[in-house]
Amino acid sequence: MAAIRRRKWRNRAAVAFFLAPSAIPLLLFTAGPMLSSLWISLHSWDLISPMRWVGLANYTHLLGDGDTRAAFWHTVYFIAGYLPLVYVGGLALALALNRRMRGRSILRSIYFLPVVTSWVMVSLTWKWILSPDGGLLNRALAAVGLPTPDWWASPTWALPSVILASAWKDLGFVMVIMLAGLQAIPQELYEAATIDGAGAWQRFWRITRPLLSPSTYFVVLISLINGFQVFDQVFVMTGGGPAGSSRPVVEEVYDLSFRYGQVGTGSALSWLLFAVIMVVTVVMTRIQRRWVTHA
């Protein structure tokens with residue numbers, strides 16, 4: 001028995017040794033700050049004065065705060081516009097680039113390039129494209145006699161501007177995931193369906209759509225999580241404006257913590273956002289059993 005125990009401890013020590021290079025930074029830079037922010041959310045603190053215990057007061061204040069509700073509404077607005085664009089566009093690219101054609105690998109690389117480009121560069125590029133004064137898009141619209149919106153300078157068009165830039169950047173990521181799902185579908189199914197007289201739409205609806213559901217689930221879940229955490233492109237393109245019309249939750253966390261010195265309230269809001277993301281993730285995980293088909 002003693003030998004068995006020693007062997008088990010040696011195995012555990014070996015596992016701990018190999019996990020340590022990733023586990024230690026994870027604890028130091030992820031789990032540690034998360035627990036610290038939870039503790040800070042129960043205090044009033046401005047980063048300078050000593051922390052003062054307030055319990056759940058920060059949370060109750062946020063739940064009744066109009067700016068918080070507006071920030072969540074802007075975040076939901078962003079997701080509602082971003083998710084269909086990035087999914088449909090990524091799926092269309094995947095279907096197109098799954099066919100045999102010349103330069104297919106080059107096209108795949110070109111469409112994936114924005115994914116590995118920094119958000120700052122993409123946001124600045126799109127801010128220039130959507131510039132109300134002589135931007136490329138407004139020039140093109142004016143050339144064909146169409147109205148030229150103020151885009152990121154307008155309360156009405158600020159969030160749609162961010163949605164366009166975000167969807168363009170993430171199209172390549174969705175394309176790669178959906179392309180992998182398409183290539184995992186056995187070609188024999190399409191051949192059999194064609195022999196049975198199924199058209200292109202029937203093959204897509206009866207074969208491609210259900211067998212792509214695992215990829216669709218992954219893309220939708222990741223896009224939802226990323227959408228709730230939207231920040232970089234908003235910060236660069238609009239700064240949450242004009243007049244707070246495009247400020248999402250993470251921007252509100254930033255403003256509370258670093259502009260207004262309400263670090264406890266900002267930490268509380270980040271935990272409220274975490275709770276929302278957890279609920280959405282759990283709901284998505286539960287309902288995926290009803291529509292995800294595993295081959």
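Residues numbered from 1 in each chain as written. Predicted model: local features only at pLDDT ≥ 70, side-chain atom pairs only at ≥ 80, totals over all residues. Heavy atoms only, no water.

1. Observations concerning the overall build of the chain
What the chain contains, in helices and strands, is 13 helices and two strands. Dimensions of the chain, computed from the C-alpha atoms along their principal axes, are close to 80 × 75 × 35 Å. Within the span of the chain, comprising 295 residues, buried residues form 39% of the whole. Partitioning the contacts of the chain with sequence separation of at least 6, the portion at a separation of at least 24 is 66%. Carbon and sulfur atoms make up 67% of the accessible area of the chain, which amounts to about 17400 Å² in all. A distance of 17 Å separates the average location of the 24 positive side-chain charges in the chain from that of its 13 negative side-chain charges. (Helix = DSSP H or I, 4+ residues; strand = E, 2+ residues; numbered from the N terminus. Buried < 20%, exposed > 50% of the residue type's maximum accessible area, 1.4 Å probe, protein only. Contact = heavy atoms within 4.5 Å. Areas by Shrake-Rupley, 256 points an atom, 1.4 Å probe, with all protein chains shown as cover. Lys, Arg positive; Asp, Glu negative; His and termini not counted. Charge placed at Lys NZ, Arg CZ, Asp CG, Glu CD.)

2. Brief notes about the packing of aromatic side chains
What the rule picks out here adds up to 13 aromatic pairs. Pairing Y254 with F258 gives two aromatic rings, centres 5.6 Å apart and planes at 50°, and the pair type is tilted. With Y254 and F258 both in helix α12 (residues 249-259), this residue pair falls four residues apart, about one helical turn. Owing to a relative accessible area of 27%, Y254 belongs among the partly exposed residues under this scheme. Ring centres of W271 and F274 lie 5.2 Å apart, and the angle between their planes is 70°; this geometry places the pair in the edge-to-face category. Taken as a pair, W271 and F274 lie in helix α13 (residues 263-291) at a separation of three residues, close to a single helical turn. Note on W271: relative accessible area 18%, which makes it buried. (Phe/Tyr/Trp six-rings, centres within 6.5 Å; stacked < 30°, edge-to-face > 60°.)

3. Remarks on a nonpolar patch on the surface
On the surface, a nonpolar cluster with roughly 320 Å² of combined accessible area is contributed by M34, F274, M278 and V282. Among the elements that line the nonpolar patch, the one with the most residues is α13, at three residues. In this fold, V282 is placed in helix α13. (Patch = residues over 30% accessible without salt bridge, like charges linked within 9 Å, V, L, I, M, F, W, Y side chains within 5 Å. Salt bridge = Lys/Arg side-chain N within 4 Å of Asp/Glu carboxyl O.)

4. Considerations on the pattern of salt bridges
Applying the stated criterion across every chain, the model contains three salt bridges. Of the charged contacts, one joins R247 and D255 as a salt bridge, the two residues approaching to 2.9 Å between their closest N and O atoms. Residue D255 is classed as buried on the basis of its relative accessible area of 0%. With its nearest N and O atoms 3.3 Å apart, the salt bridge here joins D255 to R259. With D255 and R259 both in helix α12 and four residues apart, this pair spans about one turn of that helix. Here R259 falls in the partly exposed class, since its relative accessible area comes to 47%.

5. Focus: the nonpolar core
With 57 residues, the main nonpolar core has F78, W126, M178 and L269 as its most contacted residues. Other than its neighbours up to four places away in sequence, L269 contacts L62, T68, F72, V249, E252, V253 and L256. (Core = buried A, V, L, I, M, F, W, Y, C linked by side-chain atoms within 4.5 Å.)

6. A short note on the side chain of T265
Take T265: it is sitting in helix α13. For T265, a relative accessible area of 8% corresponds to the buried category.

7. What about α12?
All of the buried residues in α12 are V249, E251, E252, V253, D255, L256 and S257. Residues of α12 that are buried make contact with α2 (57-63), α3 (66-97), α11 (232-237) and α13. Trailing α12 by a residue or two, G261 shows a phi angle of about 70°, which is positive.

8. Describing the packing of helix α8 (residues 187-195) against helix α9 (residues 200-211)
Packing of α8 against α9 leaves a shortest axis separation of 10 Å and a crossing angle of 160°. Taken together, α8 and α9 sit at an angle that is classed as roughly antiparallel. Seen from above, α8 lies across α9 with right-handed handedness. On α9, the residues touching L189, Y190, A193 and T194 of α8 are R203, I207, T208 and L211. Tallied by class, residues from the contact of α8 with α9 come to five nonpolar, two polar and one charged. (Axes fitted to C-alpha atoms, helices over the stretch in contact; angles between N-to-C directions. Parallel < 35°, antiparallel > 145°, perpendicular 65-115°, else oblique. Left-handed = near helix turned anticlockwise from the far one by under 90°. Nonpolar A, V, L, I, M, F, W, Y, C, P; charged D, E, K, R; others polar.)

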